[in-house]
Amino acid sequence: MNLIRIGTRGSQLALAQAHETRRRLMAAHGLAEASIEIVPIRTTGDMIQDRALAEAGGKGLFTRELDVALVENRVDLTVHSSKDLPTILPDEIEVSVYLPREDVRDVLIARDAKSIADLKPGARVGSASLRRGALLKRLRPDVQIGLLRGNVETRLRRIAEGDFDATLLALAGLKRLGLEDRAAAILSTDEFPPAVGQGAIGITARKNDAATRALLQPIGDVPTGQALTAERAFLRVLDGSCRTPIAGLATVEGDRLTFSGMILRPDGSEWFDIADEGPASEAQAIGERAGQALLARAPTDILG
């Protein structure tokens, strides 16, 4: 078999996800580690640290260079945090599989607090996520949100050094880095619904590369794929572009899929939520239906 090349961002979390993908491919196909090369690629999103993604171009900033490498056949597959994947991909590329989903919840990282309620009045919280900022302001209108970009280790360091009182991170990322003990509190999905795709690793390949797509099929997780299909359909209807706080979560039990979604104003002053369910085989229709229902209820100016 020819060398298999995995494209990935170069952060420690992205590399951990690429190594997980390599381990699963090795186990599924009896491959040697040397037969699978991990190729780090720096993306625009990694280079921009001084402003929010919405100001720099929105979705796609963490995938653009990986997409180009895939289309140009410099890598055979690319590994992504699914919440970074745009809902519309280049024509040549598809999401082939999703790995089994990790914990979808967010966590609070804080120096002197054990819960959101415990944050001091007017606490300064660092985040680059409109969703997290809006959800936090919904619960604590008094807190101040400041821009905090960078990899997980950078964000943890800046809290420890006192640049901010707290931040919010995905529990899945902390678990993959062995840092879950740094969480001051794990936030329930009821009060703090996750980003679409949070906790799931998505693997893309070229549509015309049947060999790679076949190689990936044994490591894909069907329930995660169904859940992500619903969530991404919901986001696509709402045209999620990093300018509107949007949350969405689908869960699959047996052949049933349950979905919940929310859109908020950035200041957390107003929000609209939706719930739907149905056969998991109709995941895309459920997500689209939920998105259309929210569009019908919410004021048009809530969508950035």
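Heads up: the structure comes first, above all this text.
### Some words on the side chain of Thr78
Link 1 in the chain: Along the polypeptide, Thr78 turns up in strand E3 (residues 77–81).
Link 2 in the chain: Within the local environment of Thr78, its side chain forms a polar contact with the side chain of His80, the two groups lying 2.9 Å apart.
Link 3 in the chain: If we skip the residues at most four places from it in the chain, Thr78 touches Gly7, Leu66, Leu70, Gly202, Ile203 and Thr204.

### Side note on the packing of helix H9 (residues 222–238) against helix H10 (residues 283–297)
Link 1 in the chain: At a minimum axis distance of 7 Å, the contact between H9 and H10 shows a crossing angle of 30°. One way to sum up the angle between H9 and H10 is to call them roughly parallel. Judged by the sense of rotation from one axis to the other, the crossing of H9 with H10 is right-handed. Contacts between H9 and H10 involve Gln226, Thr229, Ala230, Ala233, Phe234, Val237 and Leu238 from the first element and Ala283, Gln284, Gly287, Glu288, Ala290, Gly291, Gln292, Leu294 and Leu295 from the second.
Link 2 in the chain: Split by residue class, the contact of H9 with H10 holds nine nonpolar, six polar and one charged.

### Describing the packing of aromatic side chains
Link 1 in the chain: Applying the stated criterion to the full structure yields one aromatic pair.
Link 2 in the chain: Pairing Phe234 with Phe259 gives two aromatic rings, centres 4.8 Å apart and planes at 55°, and the pair type is tilted. Taken together, the residues Phe234 in helix H9 and Phe259 in strand E12 (residues 256–264) connect sequence positions 25 residues apart.
Link 3 in the chain: The buried category is assigned to Phe234, whose relative accessible area is 0%.

Cut-offs applied
- Residue numbering note: each chain is counted from 1, following its sequence as written.
- Only residues with pLDDT of at least 70 are given local features in this predicted model, and only at 80 or more are side-chain atom pairs given and counted; all residues enter the totals for whole chains, interfaces and linings.
- Water and hydrogen atoms were dropped before computing side-chain values, which therefore reflect all heavy atoms in the structure.
- Secondary structure follows DSSP: runs of H or I at least 4 residues long count as helices, runs of E at least 2 residues long count as strands, and numbering of each begins at the N terminus.
- Polar contact is defined as a pair of N or O atoms within 3.5 Å, subject to the rule that within protein one atom must be able to donate a hydrogen and the other to accept it, and that residues adjacent in sequence are counted only when both atoms are side-chain atoms.
- Every residue pair with non-hydrogen atoms within 4.5 Å of one another is taken to be in contact.
- Lines fitted to the C-alpha atoms define the axes, with helices restricted to the stretch that makes contact. Angles between their N-to-C directions range from 0 to 180 degrees.
- When describing relative orientation, an angle under 35 degrees is termed roughly parallel and one over 145 degrees roughly antiparallel, while 65 to 115 degrees is termed roughly perpendicular and anything else oblique.
- Two helices cross in a left-handed way if the nearer one is turned anticlockwise from the farther one by less than a right angle. They cross in a right-handed way if the turn is clockwise.
- Charged residues are taken to be Asp, Glu, Lys and Arg, nonpolar residues to be Ala, Val, Leu, Ile, Met, Phe, Trp, Tyr, Cys and Pro, and polar residues to be all remaining types, Gly included.
- Aromatic pairing here means that ring centres of Phe, Tyr or Trp (its six-membered ring) are within 6.5 Å. Orientation follows from the plane angle: under 30 degrees is stacked, over 60 is edge-to-face, and everything else is tilted.
- Accessible area is worked out with a 1.4 Å probe on protein chains only. A residue is then buried under 20% of its type maximum, exposed over 50%, and partly exposed in between.

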